[in-house]
Amino acid sequence: MPQLQFECRQQSRIENRQVEINQVIIAGWTGRDSNSVQKHVEELKALGIPPPSAVPTFYRVSAELVSQSASMQVLGPASTGEIEPVLFAAEDGIWLTVGSDHTDRDIERAGIALAKQLCAKPVARTAWRWDEVRNHADSMLLKSWISDRGDRVAYQQGSLAEILPLDTLLEQMRVQMGSGLEPGTMLFCGTLPTTGGVRPSARFSGLILDPSAGRTITLDYAIDFLRIVS
């Protein structure tokens, strides 16, 4: 199982620690506004991807997919990143970081769960204690950028208020999957609509910003598209 390294920040303390992740769950269709959810459904429908069987939906993927590498390799040119708040449980409680549910959009037409299993899931190296930020989580901002013909362009932007409250999401996960966020479990909590449509890029970067504390957690990685050989 992957051993991730986090700079864990709580109050005035900073602690570097290693966290073993043995279960990864991807939450989909988590928009708080049903119109925003429908917009994302339409984005993917335009790519030939069927609508979800439930809202929200929880997909299990291999824990080995979680990565803190600065680059990843994918087969073919059709995968894309998505900036997401990410919760994970350690022995001393729940922590918040940021990650990308990188997904193969071509394969998604055949099956969303399969598409999510085919790409690494990058996560940042900094985490905040969830108990310290949960009461103002809605004020936090998510932003992402992609490279477009060599330029860095805005791709996603919005607040956590556009996503189901993360505690609500944890409860729905417990009901649907029969267990909560146990130590070693990581939950990707859903994303925001894009600006300009879902599209691949050779680099993906993003952040979560806590305006009340003036701090951010950043994520950045390059994508190497491997040629498909028949």
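Up top is the structure.
Note that the structure is predicted; figures quoted are calculated from it, not measured. All residue numbers here refer to positions counted from 1 along the written sequence of the relevant chain. Only residues with pLDDT of at least 70 get local features here, since the model is predicted, and only at 80 or more are side-chain atom pairs given and counted; chain-wide, interface and lining totals rely on the full set of residues. Working from all heavy atoms in the structure, the side-chain values ignore hydrogens and water.

Focus on the overall build of the protein
Secondary structure elements are defined from DSSP: runs of H or I of at least 4 residues count as helices, runs of E of at least 2 residues count as strands, and each element is numbered from the N terminus. When you go through the protein residue by residue, the secondary structure sums to 5 helices and 17 strands. In this setup the radius of gyration rests on C-alpha atoms only. A globule is expected at 2.2 Å times the number of residues raised to 0.38. Relative to the 2.2 N^0.38 estimate, which gives 17 Å for 230 residues, the radius of gyration of the protein is 16 Å and therefore close to what a compact globule would have. Split into buried and exposed, the 230 residues of the protein put 52% on the buried side. Values of accessible area rely on a 1.4 Å probe in the Shrake-Rupley scheme; residue burial ignores everything except the protein chains shown. Of the accessible surface of the protein, which amounts to about 10400 Å², a share of 49% is contributed by carbon and sulfur atoms. Within this scheme the basic residues Lys and Arg register as positive and the acidic residues Asp and Glu register as negative, but His and the chain ends are omitted. Where a charge sits is defined by one atom per residue type, namely NZ (Lys), CZ (Arg), CG (Asp) or CD (Glu). The protein carries 22 positive and 27 negative side-chain charges, and their two centres are separated by 3 Å. Here the term buried applies to any residue with accessible area under 20% of the maximum for its type, exposed to any over 50%, and partly exposed to those in between, with areas from a 1.4 Å probe on protein chains only.

Concerning helix α5 (residues 166–177)
Residue pairs spaced three or four apart in an α-helix point in one direction, given the helix's 3.6 residues per turn. The terminal C-alpha atoms of α5, which comprises 12 residues, lie 16 Å apart, in line with the 16 Å expected from a rise of 1.5 Å per residue. Looking only at α5, the buried set comprises Leu-166, Leu-169, Leu-170 and Met-173. Each buried residue of α5 sits inside an arc of 100° when the element is viewed along its axis, so together they form one side. Two residues form a contact once any of their heavy atoms are found within 4.5 Å. On its buried face, α5 is in contact with β3 (23–28), β4 (57–61), β8 (83–90), β9 (93–100), α4 (130–133) and β15 (185–188). Helix span, as expected, comes to 1.5 Å for every residue beyond the first. The arc refers to the directions leading from the helix axis to the C-beta atoms.

Examining the side chain of Asp-104
Tracing the backbone through its elements, the reader meets Asp-104 in strand β10 (residues 103–104). The working definition used for a salt bridge is a side-chain nitrogen of Lys or Arg within 4 Å of a carboxyl oxygen of Asp or Glu. Arg-109 provides the closest opposite charge to the buried, salt-bridge-free Asp-104, at an N-O distance of 6.9 Å. Within the structure, Asp-104 has its side chain in polar contact with the backbone nitrogen of Asp-106 (distance 3.0 Å). Aside from chain neighbours lying at most four places away, what touches Asp-104 is Leu-75, Ala-78, Ser-79, Ala-115 and Cys-119. Identification of polar contacts relies on pairs of N or O atoms within 3.5 Å, with a donor-acceptor requirement for protein atoms, meaning one able to donate a hydrogen and the other able to accept it, and with residues adjacent in sequence counted only if both atoms are side-chain atoms.

Overview of the packing of aromatic side chains
In summary, the pairing rule links any two rings of Phe, Tyr or Trp, Trp by its six-membered ring, whose centres are within 6.5 Å, and it sorts them by plane angle into stacked for under 30 degrees, edge-to-face for over 60 and tilted for everything else. In the structure shown here, the tally under the stated rule is 3 aromatic pairs. Between Tyr-155 and Phe-204, the aromatic rings sit 6.3 Å apart at their centres with planes inclined by 85°, giving edge-to-face as the arrangement. Taken together, the residues Tyr-155 in strand β14 (residues 151–159) and Phe-204 in strand β16 (residues 203–210) connect sequence positions 49 residues apart. By relative accessible area, Tyr-155 is classed as buried at 1%. Ring centres 5.7 Å apart and planes at 40° place the aromatic pair Phe-204 and Tyr-221 in the tilted group. You can see Phe-204 sitting in strand β16 and its partner Tyr-221 sitting in strand β17 (residues 215–226), a full 17 residues away along the chain. You'll find Phe-204 and Tyr-221 in the same group, each marked buried. Linked through ring pairs, Tyr-155, Phe-204 and Tyr-221 together constitute an aromatic cluster.

Comments concerning the nonpolar core
Here, nonpolar core refers to any group of buried Ala, Val, Leu, Ile, Met, Phe, Trp, Tyr and Cys residues whose side-chain atoms link them within 4.5 Å. Grouped together as the largest cluster of nonpolar side chains are 38 residues, with contacts concentrated most on Leu-87, Leu-96, Val-98, Leu-142, Leu-166, Leu-187 and Ile-208. Apart from residues lying up to four places away in sequence, Leu-166 is in contact with Pro-85, Leu-87, Leu-96, Trp-130, Leu-160 and Cys-189. Among the nonpolar cores identified, the runner-up in size contains 25 residues, and Val-24, Val-37, Val-86 and Ile-112 belong to it.

Geometric values such as these leave the question of function open.
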